[in-house]
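Topology and contacts: notes
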Amino acid sequence: IREGGSGIISSIGVTTGRTYCALVGNTTRAEYACVGSSVNMSARLMGKARGRVLVDEHTYKPCKDRITFLNPEHMMLKGFDT
């Protein structure tokens, strides 16, 4: 841990899209799960973020006039064409 810092680095991927979220399991053991293309893309963005917040194009477009984004760039994500 560096002096004056927490030493915690967060990498965040934000996407916009439809997901299916539900409790999966039974009364003995249940987990909350989310599935869908946007969930997968969010995980891919998070993996490339390296201490940053990355957003997909569907999130960027409606927000670009209200939020300042630094260096918008296109990137290839495994399993996605764009």
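Up top you'll find the structure we're talking about.
Owing to the predicted nature of the structure, the values given are computational and were not obtained by experimental measurement. (Residues numbered from 1 in each chain as written. Predicted model: local features only at pLDDT ≥ 70, side-chain atom pairs only at ≥ 80, totals over all residues. Heavy atoms only, no water.)

1. Comments concerning the pairing of strand 2 (residues 20-25)
Of the strand pairs in this sheet, strand 2 and strand 3 (residues 30-35) are connected by six bridges, and their pairing is antiparallel. Bridge pairing links Cys21 to Cys34 in strand 3. (Pairing = 2+ DSSP bridges. Helix = DSSP H or I, 4+ residues; strand = E, 2+ residues; numbered from the N terminus.)

2. Here's the deal with the packing of aromatic side chains
A complete count under the given rule lists one aromatic pair for this structure. Between Tyr60 and Phe69, the ring centres sit 4.9 Å apart and the planes meet at 70 degrees, which makes this aromatic pair edge-to-face. Residue classification places Phe69 among the partly exposed positions, given a relative accessible area of 25%. (Phe/Tyr/Trp six-rings, centres within 6.5 Å; stacked < 30°, edge-to-face > 60°. Buried < 20%, exposed > 50% of the residue type's maximum accessible area, 1.4 Å probe, protein only.)

3. What about the pattern of salt bridges?
Under the criterion given, the structure shown has two salt bridges. Arg29 serves as the salt-bridge partner of Glu31, at 2.5 Å between the closest nitrogen and oxygen. On the basis of relative accessible area, Glu31 is assigned to the partly exposed category, the value being 43%. Taking relative accessible area as the criterion, Arg29 reaches 58% and is therefore assigned exposed. (Salt bridge = Lys/Arg side-chain N within 4 Å of Asp/Glu carboxyl O.)

Interpretation in functional terms is not warranted from these geometric data alone.
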